[in-house]
Amino acid sequence: MDGGALIGLDIGGAHLKAALFDETGTLRDLDQWPCPLWMGLDRLEQAVAAVIARWGQPCHAAATMTGELADLFDDRADGVRLIAATMRSALPAAALSVFAGPRGLVPIDAAPDCAEAVASANWYATALLAAAGGDGVLLDVGSTTTDIVPLGGGGPLHAGYSDAERLDSGELVYTGVVRTPVMAVAHTVPYGGGRRALMAELFATMADVHRLTGTLPDGADQHPTADGRDHGLTASARRLLRMVGDDLEPDGLPKARRLAGHLAERQLRRIEDALDQVLSRGLTADSPPLVGAGVGRFLVRRLAERRGVAYRDFEAHLPVAPALRERAGWFAPAVSVGWLAFDGAPHKHLCPVAGPADAVSYSPD
């Protein structure tokens, strides 16, 4: 890059995630903002405005996206085109590029011409950077979905690229630790000594479940709850018990916690089943390390411990300041696309050099 700040952006259908780099390639800050694209492109404009309000106008911005899936758009190509146009309007003075998977970064005005490569390619950016840390299997457990990507030989060993192909291969699992409706995780649950069917209603989400188990990171749930009430434990328990037709009585919190523990386990089993499907292709070692990313990577750590395999964080091999490490893992696609914007070969940039006390930099070839 020729100087000035660069921002890596992951434009999702529910959040805009951003990573700020200075002109030396040092990661300086990260954050996410709500961006419910199904409600209109103005939500993306507002989220970008919030990024600018925090960090100022960037000289460069590199983006990847999954937001083209929002039902605001006629199809994925329409979504890519309109998101690209919105970003051009929101950042008129910045040099903008968009990630197109194996094609790398392309000028954002070219995004409509390679919409199939641009659509939902954020996992590929993360896998490229994660693979520089060694072989294994990347599991990026986000608020809505889970990506499972074998890593080997310095790159991804994926069976599918599009969402449809990745759903078939087990590499894309539509389950996450915040927005997933509880009714999508199980149909029946053990309750009161028997089996009870869950109501097919959006009474509670997995954010309620993981709040009650005590594992949901602070700040992970930025959207309104299913009933519009607060994000506290009591409100979460009330919502979850409603899924089994029960009300929250004064002594009902232990019942809600037991139910939450079971549902968290059911979600983990679904991820593990998909992992076994991916591993059944035989492209990795018998017990490969699991590489955890996303706000739900506490599930990946639990899975690695259960299976007796090594675990490493997505950012473990990256020169990231300690204070930023956890969020770098949560917002891995934004970090990855930002890093890739400096050079398309991430493994060349992992040699730390002396830098400011609050940050670590890398030295390009």
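In this text, all values refer to a predicted model and were calculated from it rather than measured experimentally. (Residues numbered from 1 in each chain as written. Predicted model: local features only at pLDDT ≥ 70, side-chain atom pairs only at ≥ 80, totals over all residues. Heavy atoms only, no water.)

Let's talk about the confidence of the model for the protein
Taken as a whole, the protein shows an average pLDDT of 92; of its residues, 93% reach a score of 70 or greater. In this model residues 345-365 is a low-confidence stretch, pLDDT under 50, and it forms 43 contacts with partners more than four residues away in sequence or in other chains. (pLDDT = per-residue confidence, 0-100. Contact = heavy atoms within 4.5 Å.)

A few points about the pattern of salt bridges
Following the criterion strictly, the structure yields 25 salt bridges and no others. Connected through salt bridges with shared partners, the residues Glu-265, Arg-269, Glu-272, Asp-276, Arg-306 and Arg-307 form a single ionic network. (Salt bridge = Lys/Arg side-chain N within 4 Å of Asp/Glu carboxyl O.)

Description of the packing of helix H7 (residues 233-242) against helix H8 (residues 253-279)
At their nearest, the axes of H7 and H8 sit 9 Å apart, and the two run at 70 degrees to each other. Between H7 and H8, the interaxial angle falls into the category roughly perpendicular. Considering the relative orientation of H7 and H8, their crossing is left-handed. Contacts between H7 and H8 involve Leu-233, Ala-237, Leu-240 and Leu-241 from the former and Leu-253, Lys-255, Ala-256, Arg-257, Leu-259, Ala-260 and Leu-263 from the latter. Split into classes, the residues belonging to the contact of H7 with H8 amount to nine nonpolar, no polar and two charged. (Axes fitted to C-alpha atoms, helices over the stretch in contact; angles between N-to-C directions. Helix = DSSP H or I, 4+ residues; strand = E, 2+ residues; numbered from the N terminus. Parallel < 35°, antiparallel > 145°, perpendicular 65-115°, else oblique. Left-handed = near helix turned anticlockwise from the far one by under 90°. Nonpolar A, V, L, I, M, F, W, Y, C, P; charged D, E, K, R; others polar.)

Considerations on unusual backbone geometry
Phi is positive for Ser-120, which is not a glycine, with a value near 50 degrees. Counting through the fold element by element, Ser-120 comes out in the loop between helix H3 (115-118) and helix H4 (122-131).

Side note on the packing of aromatic side chains
Taken as a whole and judged by the stated rule, the model has eight aromatic pairs. An angle of 70 degrees between the planes, with centres 6.3 Å apart, marks the rings of Trp-330 and Phe-331 as edge-to-face. For the residue pair Trp-330 and Phe-331, the accessibility class agrees, reading buried in each case. Counting every residue linked through ring pairs, the aromatic cluster contains Phe-99, Trp-123, Tyr-124 and Tyr-161. Lying across the ring of Trp-123, Arg-166 places its NZ or CZ 4.3 Å from the centre. (Phe/Tyr/Trp six-rings, centres within 6.5 Å; stacked < 30°, edge-to-face > 60°. Buried < 20%, exposed > 50% of the residue type's maximum accessible area, 1.4 Å probe, protein only. Lys NZ or Arg CZ within 6 Å of the ring centre and 35° of its normal.)

Notes on the packing of helix H6 (residues 206-213) against H7
Axes are the key here: two packed helices are described by the angle between their axes and the distance separating the axes. At a closest axis distance of 9 Å, the pairing of H6 and H7 adopts a crossing angle of 125 degrees. With respect to each other, H6 and H7 are oriented oblique. Seen from above, H6 lies across H7 with left-handed handedness. Judged by residue contacts, Asp-208, Val-209, Arg-211 and Leu-212 of H6 engage Leu-233, Ser-236, Ala-237, Arg-239 and Leu-240 from H7.

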